[in-house]
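One letter stands for each residue in the lines below.
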Amino acid sequence: NRRGERDTRRVERRNRIEQERTETAQRDGEVAGEWDKLRKLKVAHELNVAIQAQKALCDEIISSKDALIAEMTEELDKEDEAYERNIRRQEEEVDETLRRMNVRYNELSAAY
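Residues numbered from 1 in each chain as written. Predicted model: local features only at pLDDT ≥ 70, side-chain atom pairs only at ≥ 80, totals over all residues. Heavy atoms only, no water.

Caption draft 1: Representation of the overall build of the chain in the model. On a plain count of helices and strands, the chain comes out with two helices and zero strands. Taking 112 residues into account, the globule formula puts the C-alpha radius of gyration at 13 Å, and the chain, at 29 Å, lies well above it. Expressed as lengths along the three principal axes of its C-alpha atoms, the size of the chain is roughly 100 × 25 × 10 Å. Taken over 112 residues, the chain has a buried fraction of 12%. When contacts within the chain are restricted to residue pairs at least 6 apart in sequence, those whose partners lie at least 24 apart make up 69%. With an accessible surface of roughly 9300 Å², the chain has 54% of that area assigned to carbon and sulfur atoms. The centroid of the 23 positive side-chain charges in the chain is displaced by 3 Å from the centroid of its 28 negative side-chain charges. (Helix = DSSP H or I, 4+ residues; strand = E, 2+ residues; numbered from the N terminus. Rg over C-alpha atoms; globule rule 2.2 N^0.38 Å. Buried < 20%, exposed > 50% of the residue type's maximum accessible area, 1.4 Å probe, protein only. Contact = heavy atoms within 4.5 Å. Areas by Shrake-Rupley, 256 points an atom, 1.4 Å probe, with all protein chains shown as cover. Lys, Arg positive; Asp, Glu negative; His and termini not counted. Charge placed at Lys NZ, Arg CZ, Asp CG, Glu CD.)

Written as structure tokens, this is what we have:
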């Protein structure tokens, strides 16, 4: 059933978001811990290398979040498309029902 599938996908999305949140919190801790080390560096080259490493960690976090956003956007787009198909199908069914009712009305009107 569609509602059950939709609810299952919703739970899966929530789990992925929670997993991402947990992983991000861990990586944020790593990033925060590195700032103290960076402040102690006095040699420009060492500082530059450490900052680049810090930037790489931040880029990984952003990339992970961007991937999750893209995945969620794709899923929502698929659900929107399915919803639109369902609405079109229902519209066709209503049109067909109205057409049959009209035919039946005309048949009954002609008979009486």
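Caption draft 2: Just the environment of arginine 27, in detail. With respect to the helices and strands, arginine 27 occurs in helix 1 (residues 2-40). Each C-alpha atom of the pair arginine 27 and glutamate 91 lies 50 Å from the other, and the pair is 64 residues apart in sequence. Setting aside anything within four residues of it in sequence, one finds arginine 27 in contact with Glu20, Glu60, Ile61 and Ser64.

Caption draft 3: Structural detail: the packing of helix 1 against helix 2 (residues 44-111). Two elements in contact, helix 1 and helix 2, have axes separated by 10 Å at closest approach and are oriented at 170 degrees. Our classification of the angle between helix 1 and helix 2 gives roughly antiparallel. Tallied by class, the residues present in the contact of helix 1 with helix 2 amount to twelve nonpolar, four polar and 15 charged. (Axes fitted to C-alpha atoms, helices over the stretch in contact; angles between N-to-C directions. Parallel < 35°, antiparallel > 145°, perpendicular 65-115°, else oblique. Nonpolar A, V, L, I, M, F, W, Y, C, P; charged D, E, K, R; others polar.)

Caption draft 4: Structural detail: the pattern of salt bridges. Tallied over the entire structure, the rule returns 16 salt bridges. Here glutamate 79 ties to arginine 13 by a salt bridge, and the two come within 2.9 Å at their closest N and O atoms. Taken together, the residues span a long stretch of sequence, with glutamate 79 in helix 2 and arginine 13 in helix 1 at a distance of 66 residues. Note that glutamate 96 and arginine 100 form a salt bridge whose closest N and O atoms lie 3.3 Å from each other. Remark: arginine 100 and glutamate 96 occur in helix 2; sequence separation between them is four residues, near one turn of the helix. A relative accessible area of 30% means that glutamate 96 is categorised as partly exposed. (Salt bridge = Lys/Arg side-chain N within 4 Å of Asp/Glu carboxyl O.)

Caption draft 5: Expanded view of a negative patch on the surface. Side chains of Asp77, Asp80, Glu81 and Glu84 sit close together on the surface and give a patch of like negative charge. Residue position: glutamate 81 is located in helix 2. (Patch = residues over 30% accessible without salt bridge, like charges linked within 9 Å, V, L, I, M, F, W, Y side chains within 5 Å.)

Caption draft 6: Geometry of the side chain of glutamate 75. Tracing the backbone through its elements, the reader meets glutamate 75 in helix 2. Of the residues examined, glutamate 75 reaches a relative accessible area of 18% and is grouped as buried. Engagement of the side chain of glutamate 75 in a polar contact is seen with the side chain of arginine 16, the distance being 2.4 Å. The residues touching glutamate 75, leaving out its near neighbours within four places in the chain, are Arg13 and Arg16. (Polar contact = N/O pair within 3.5 Å; in protein donor to acceptor, adjacent residues only side chain to side chain.)

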